[in-house]
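# Fold and geometry: a report
Single-letter residue listing:
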Amino acid sequence: GAVVSQHPSWVICKSGTSVKIECRSLDFQATTMFWYRQFPKQSLMLMATSNEGSKATYEQGVEKDKFLINHASLTLSTLTVTSAHPEDSSFYICSARTGGSNQPQHFGDGTRLSIL
Amino acid sequence: GQNIDQPTEMTATEGAIVQINCTYQTSGFNGLFWYQQHAGEAPTFLSYNVLDGLEEKGRFSSFLSRSKGYSYLLLKELQMKDSASYLCAANQAGTALIFGKGTTLSVSS
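Attention here is on the structure that accompanies the text.

Looking now at the side chain of Arg37 of chain A. Residues and elements named next belong to chain A. Its place among the elements puts Arg37 in strand 4 (residues 32-38). For Arg37, the side chain forms a polar contact with the main-chain oxygen of Glu87, separated by 2.7 Å. Among the polar contacts made by the side chain of Arg37, one reaches the side chain of Ser90 at a distance of 3.5 Å. Beyond its immediate sequence surroundings of up to four residues, Arg37 is in contact with Ser43, Leu44, Met45, Met47, Phe67, Glu87, Asp88, Ser89, Ser90, Phe91 and Tyr92.

This is the structure we're talking about:
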């Protein structure tokens, strides 16, 4: 149980393109979803937290107009990187949680984004 | 401030026991998670401690001392497949997890 699917797993695109990443909880309802960014050999950096049906809460330094998050249902959240540039190249990982903060987050397989 | 510290790298041999330590300083502490992350993959949940003491799950055990701001993950009967990064994450009440930088464990034969 507690499977989170993230799609696509790898994206290579030109600078200026917008990229949408989907995160789905397959066998549970995710009241909260999280989006992280991870650079090589670095820790997971939380970008934003989203609750179903409400606006995402962004961490300091994360541009909400650059990284659009939509959590339309209890099983789906999307992250859109708008007008991506090479510095946006990274490993993006979503996680989903049901219930309160004492419940574990279950992670998707991540999306490797490469902007040329 | 908030701070999570864990060793950067550790090495061990197959069949051995290894202990990965984690110290934390965070406000509103509400438990500590351990995750395993293989290279290029997403983290997978290993354990969650909210009360002091040792939690055992098969070959893996996790310990927490809230008064000392300290936790460890104990891996027994090491296998080659245990080579991975192990992430310690502090749970702050009402907010998200704060992750450490991870400990890369290399298991050799």
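Turning our attention to the pattern of salt bridges. Under the counting rule described, the total for this entry stands at 4 salt bridges over all chains. Glu22 of chain A is the salt-bridge partner of Arg24 of chain A, the closest N and O atoms lying 3.5 Å from each other. The exposure class of Glu22 of chain A is partly exposed, given its relative accessible area of 25%. Measuring nitrogen to oxygen at the nearest pair gives 2.8 Å for the salt bridge that ties Asp82 of chain B to Arg59 of chain B. Here Asp82 of chain B, found in the loop between strand 8 (70-75) and strand 9 (84-92), pairs with Arg59 of chain B, found in the loop between strand 6 (53-57) and strand 7 (60-65); they are 23 residues apart in sequence, far enough to count as distant. Judged by relative accessible area, which is 2%, Asp82 of chain B ranks as buried.

Residues and elements named next belong to chain B. Strand order in this open sheet of 5 strands is 1-3-8-7-6, and the pairing throughout is antiparallel. Looking at strand neighbours, the two that pair on one side only are strand 1 (3-5) and strand 6, the edges of this open sheet. Within this sheet the neighbouring strands show an average axis-to-axis angle of 15°, counted without direction. Taken together, the 3 bridges between strand 1 and strand 3 (residues 18-25) define a ladder with antiparallel strand orientation. The partner of Asp5 across the bridge, within strand 3, is Thr23.

Analysis parameters
- Residues numbered from 1 in each chain as written.
- Chains lettered and ligands numbered in written order.
- Predicted model: local features only at pLDDT ≥ 70, side-chain atom pairs only at ≥ 80, totals over all residues.
- Heavy atoms only, no water.
- Helix = DSSP H or I, 4+ residues; strand = E, 2+ residues; numbered from the N terminus.
- Polar contact = N/O pair within 3.5 Å; in protein donor to acceptor, adjacent residues only side chain to side chain.
- Contact = heavy atoms within 4.5 Å.
- Salt bridge = Lys/Arg side-chain N within 4 Å of Asp/Glu carboxyl O.
- Buried < 20%, exposed > 50% of the residue type's maximum accessible area, 1.4 Å probe, protein only.
- Pairing = 2+ DSSP bridges.
- Axes fitted to C-alpha atoms, helices over the stretch in contact; angles between N-to-C directions.

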